[in-house]
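Residue-level structure breakdown
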Amino acid sequence: MAQTALRTHRGGSLTASHIGTPVRLGGWIHRRRDLGGIVFLDLRDRDGLVQLSCDPAWTPAEVLARAAGLGAETVVLVEGTVERRQEPGRDPAMTSREVEVRVTALQVVGPAATPAIPVARREGEEPAAEDLRLTHRILDLRRPELQANFILRHRLLQRARRVLSDLGFLEIETPILTKPTPEGARDYLVPSRVHPGECYALPQSPQIYKQLLMVAGFDRYFQLARCFRDEDLRADRQPEFTQIDLEASFVAADDVMAVVEQVLVALWAEAGESVEGAFPRLRWREAMERYGIDKPDLRFGLEIQDLSAIVGGEAAPFLRDALASGGRLRAILAPGLAVLSRRELDDLGERAKAAGAGGLLWARRTDAGWEGQGVKAIGVAGLDTVSAEPGSLLVAVVGPDTVTHAAMHAVRSALGARPEVPRLRRHAFAWVVDFPLFEQEPETGAWIFTHHPFTAPHPDDRDRLASDPGSCRAQHYDAVYNGNELGSGSIRITDPALQAEVFGFLGIGPEEQRTRFGFLLDALATGAPPHGGFALGFDRIAMLLAGASSLRDVIAFPKTTQARALLEGAPVPVSAAELAALHLTTRSEGGPDVR
């Protein structure tokens, strides 16, 4: 409740229903306006803004003088009466637009220095640079738009808890100090003081623990789990993050996906968006073929086509040579986009090159036929076999699939962002299934797991595990939304012999298996039910539903892209004594150990 010994209401919650009510409020001075002896103050609290009116007609002279000297971000307690505003507020951040509080008493309880960054911004004014905002994060977090993000985040968390609890899932916490496990990224290591030379790891996910809970008979588990991964950062990635983690026993993939759909539909509803479950499904190979990526944006069409068959003898030698070497001509036909300028086409070409392609071929369809630099390369005869209306644009890349997938995805994304491209739907959820179980490491050619080594192979592919690993599908499934991966899951390996076989295939011998995973193999040997689970990237979901452009706008105290915490100044060097207590030394580059 807002009512305490010091206040009766939050100012941002006041409405016309409170007119005539005496109130005590507390908050921060957002703005001050002096108008000929009358002082107006915008008071800000968690619920928003309310106008305070200090007028000689009802405000004592000493209170009016105090109000006239207030600076931004000063914390005050005020008393007064709620009255209707003569002119409703036009500021969209002013939540209490219909009313004002006529001040009779005002006390400064939190004097404030001049803010290093502005909290109140004029309409159209950009916020301060991000590094400056993160350095002064306390002020940044006072901005109403960020506070709205965190209020939404709270509601989403509670909605997820309610949905999973109603479905019979138990919220169980798993350890933060744990053992290093292979999950695709580097671990953050924590040296042990009491066990010299040994380290804990911060969990990349609760993967093994949630499997152990299924073996222990808990049947359905979930957790709002904190996870840690030491990897390069992007706008949608942080070294520590939150995921909605779940696992269930006696399930198939369809059962897990049905639960996840219920959670996602509820989260979108909490944010005021109506979506339906039963998301469409795409096989991984189909997604790569049609969209060039395994998290396609399905809000628009522009599917990738294989036009290799139209390449004839009149095509340029480089094109024929690429196809002879096993490459393909992959293209997108974009109706209505022949209007793109040469500069815009060059920009598309640069995107294709940045993704690894040698360049981008393009041709416009006019009433008279095809024109553009792609005509000479592909050949008129070949292009004339393409069914295209005048005004269409054809863009294409040639090369191996590893190149054309990425390049055509980059080009498709750029085209799909254009206003001329019609939206088929606003919310485009989908499942991507039948991922490969293994992939080859580009440098060495060695087989590595595509996701993690606890994912069960597709039952139809089990016999090819040793003879043809590249053809083995995983019982893995990803949830995607508008071109974003929301989370991943799989059916797990429950046979300890199969789990040991997979470890061995990945180069983890029997002795190392016992050292690293003996506790899991022993648990599976006690009798493990069939089980599977999922993990939703909660920070990303909150970012998308808040309409934010970065995870840092929905995480209270985030790290920079260099993994630094600017507010508190972490990480920091530690003293020799602290290192010695952990039995550690440091070594300067090219120099001796420093103790």
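None of these values were measured; they are calculated from a predicted model. (Residues numbered from 1 in each chain as written. Predicted model: local features only at pLDDT ≥ 70, side-chain atom pairs only at ≥ 80, totals over all residues. Heavy atoms only, no water.)

**Here we look at the overall build of the chain**
Our working definition: Under the DSSP-based scheme used, a helix requires at least four consecutive residues in state H or I and a strand at least two consecutive residues in state E, with every element numbered from the N terminus. For every residue, the accessible area obtained with a 1.4 Å probe (protein chains only) is divided by the maximum for its type, and the residue is called buried under 20%, exposed over 50%, and partly exposed between those limits. Contact definition: two residues touch when any of their heavy atoms are within 4.5 Å. Surface exposure here means Shrake-Rupley accessible area, sampled with a 1.4 Å probe, where a residue is shielded only by the protein chains that are shown.
Within the chain, the regular secondary structure consists of 16 helices and 24 strands. When the backbone C-alpha atoms are referred to their principal axes, the chain occupies close to 90 × 75 × 60 Å. The buried share of the chain, taken over its 595 residues, is 47%. If you take every contact in the chain between residues at least 6 apart in sequence, the share linking residues at least 24 apart comes to 67%. Surface exposure of the chain reaches about 28,400 Å², of which carbon and sulfur atoms provide 52%.

**Focus on the side chain of E270**
Note that E270 resides in helix 6 (residues 253-270). For E270, a relative accessible area of 17% corresponds to the buried category. Ignoring anything within four residues of it in the chain, the contact list for E270 reads R155, L156, R159 and R162.

**Things to note about the confidence of the model for the chain**
For the record, the criterion: Note on scores: pLDDT gives the predictor's confidence for each residue, bounded by 0 and 100.
On average, residues of the chain score 93 in pLDDT, and 96% of them are at 70 or above. Confidence drops under a pLDDT of 50 for residues 591-595, and excluding neighbours within four residues, the segment shows 10 contacts in the predicted structure.

**Points about helix 1 (residues 61-68)**
Heads up, the rule is: An arc is given here, and it is the one of the directions from the helix axis to the C-beta atoms.
Within helix 1, the full set of buried residues consists of V63, L64 and A67. All buried residues of helix 1 lie within an arc of 100° about the axis, which places them on one face of the element. Turned more than 90 degrees off the buried face of helix 1, the exposed positions are A61, E62 and A65. Tucked into the core, helix 1 has its buried residues touching strand 1 (22-35), strand 2 (38-45), strand 3 (48-54) and strand 5 (99-110).

**So, the packing of aromatic side chains**
Cut-off, in case you're wondering: For Phe, Tyr and Trp, where Trp contributes only its six-membered ring, two rings pair if their centres lie within 6.5 Å, and the inter-plane angle classes them as stacked under 30 degrees, edge-to-face over 60, or tilted in between. Here, a charge over a ring is recorded when the distance from Lys NZ or Arg CZ to the ring centre is within 6 Å and its angle to the ring normal is within 35 degrees.
Enumeration over the complete set of coordinates arrives at 12 aromatic pairs. Ring centres of W268 and F429 lie 5.0 Å apart, and the angle between their planes is 70°; this geometry places the pair in the edge-to-face category. One end of the pair, W268, is in helix 6; the other, F429, is in strand 17 (residues 429-433), with 161 residues separating them in the sequence. Accessibility assignment for this pair places W268 and F429 in one class, buried. Following the ring pairs from residue to residue traces out a cluster consisting of W268, F279, F429, W431, Y477, Y481 and F534. Over the aromatic face of W58 sits the side chain of R102, whose NZ or CZ is 4.3 Å from the ring centroid.

**With respect to the packing of helix 4 (residues 144-166) against helix 6**
How two helices sit against one another is set out by the angle between their axes and by the gap between those axes. Put simply, the rule is: To obtain an axis, a line is fitted to C-alpha atoms, over the contacting stretch when the element is a helix, and the angle between two such axes runs from 0 to 180 degrees between their N-to-C directions. In this scheme, a crossing is called left-handed if the near helix is turned counterclockwise away from the far one by less than a right angle; it is called right-handed if the turn is clockwise. For this scheme, ten residues count as nonpolar: Ala, Val, Leu, Ile, Met, Phe, Trp, Tyr, Cys and Pro. Four count as charged, namely Asp, Glu, Lys and Arg, and the remainder, Gly too, count as polar.
Closest axis-to-axis distance for the helix 4/helix 6 pair is 9 Å, and the angle between their directions is 145°. Pair helix 4 / helix 6 crosses with right-handed handedness. Within the contact between the two elements, helix 4 uses R155, L156, R159, A160, R162, V163 and L164 and helix 6 uses V259, Q262, V263, A266, L267, A269 and E270. Looking at the contact of helix 4 with helix 6, its residues break down into nine nonpolar, one polar and four charged.

**Topic: the sheet that holds strand 16 (residues 393-399)**
We count it as follows: Note on pairing: DSSP must find at least two bridges between two strands before they are called paired.
Here five strands make up an open sheet; going across it, the order is 12-13-16-14-15 and the pairing antiparallel. Only two strands of the sheet have a single partner each, and these edge strands are strand 12 (304-306) and strand 15 (369-371). For this sheet the average axis-to-axis angle between neighbouring strands, irrespective of direction, equals 30°. As paired elements, strand 13 (residues 328-334) and strand 16 share seven bridges and run antiparallel to each other. Note that in strand 16 the partner of A334 across the bridge is L393.

**A short note on the pattern of salt bridges**
The condition is simple: Salt bridges are identified by distance alone: a Lys or Arg side-chain nitrogen within 4 Å of an Asp or Glu carboxyl oxygen.
Applying the stated criterion to the full structure yields 48 salt bridges. Close ionic contact of R133 with D140 constitutes a salt bridge, the shortest N to O distance being 3.0 Å. D140 carries the same exposure label as R133, and that label is buried. R464 serves as the salt-bridge partner of D461, at 2.7 Å between the closest nitrogen and oxygen. We classify D461 as buried; its relative accessible area is 1%. Several salt bridges converge on common partners, so that one network encompasses R121, R133, R137, D140, R143, E145 and D553.

**Re the sheet that holds strand 6 (residues 170-171)**
Read from one edge of the open sheet, eight strands run 6-9-10-22-21-20-17-11, paired in mixed fashion. Sheet topology places strand 6 and strand 11 (281-283) at the edges, where each strand pairs with a single neighbour. Pairing analysis gives two bridges linking strand 6 to strand 9 (residues 220-228), with the strands arranged parallel. Considered in strand 9, the bridge of E171 is made with F222. In this fold helix 4 packs onto strand 6, strand 9 and strand 10 (240-249), with an angle of close to 150° to the strand it touches most, strand 9. Here helix 15 (residues 538-546) sits on the sheet and contacts strand 10, strand 20 (476-481), strand 21 (484-491) and strand 22 (531-537); the angle it forms with strand 22, its principal contact strand, is near 45°.

**Section: helix 15**
Every α-helix carries 3.6 residues per turn, so stepping three or four residues along brings you back to the same face. Within helix 15, seven of the nine residues are buried, which leaves the element mostly enclosed by the surrounding structure. What helix 15 keeps buried is the set F538, D539, R540, I541, A542, M543 and L545. On the buried face of helix 15, the contacting elements are helix 4, strand 10, helix 6, strand 21 and strand 22.

**What about the pairing of strand 16?**
Of all seven residues that make up strand 16, seven are buried, and the element is covered over most of its length. Neither face of strand 16 is open: one carries L393, V395, V397 and G399, the other L394, A396 and V398, and all of them are buried. Pairing geometry for strand 14 (residues 361-366) and strand 16, over four bridges, is antiparallel. Across the sheet, A363 pairs through a bridge with L394, a residue of strand 16.

**So, the environment of T178**
For the record, the criterion: In protein, a polar contact means a hydrogen-donor-capable atom and an acceptor-capable atom, both N or O and within 3.5 Å, with residues adjacent in sequence counting only if both atoms are side-chain atoms; elsewhere, any N or O pair within 3.5 Å suffices.
Residue placement: T178 occurs in the loop between strand 6 and strand 7 (189-191). A sequence separation of 249 residues divides T178 from H427, and the C-alpha atoms of the two residues are 38 Å apart. If sequence neighbours within four positions are ignored, T178 has contacts with Y200, A201, L202, P203 and Y209. A distance of 2.8 Å separates polar atoms of two side chains, one belonging to T178 and the other to Y209.

**Quick word on the packing of helix 9 (residues 342-354) against helix 12 (residues 401-416)**
Where helix 9 contacts helix 12, the axes come no closer than 7 Å and their chain directions differ by 145°. In the packing of helix 9 onto helix 12, the handedness of the crossing is right-handed. Of the residues in helix 12, those touching helix 9 at L348, R351 and A352 are A407, A410, V411, A414 and L415. Considering only residue class, the contact of helix 9 with helix 12 consists of seven nonpolar, no polar and one charged.

**Here we look at unusual backbone geometry**
Following A570, the chain continues into P571 via a peptide bond in cis, with omega recorded as 0°. With respect to the helices and strands, the residue P571 is situated in the loop between helix 15 and helix 16 (576-581). At A278, a position not held by glycine, the phi torsion is positive, near 60°. Structurally, A278 is set in the loop between helix 6 and strand 11. Residue D434 is not a glycine yet carries a positive backbone phi of 60°. Looking at D434, the relative accessible area reads 18%, which means it is buried.

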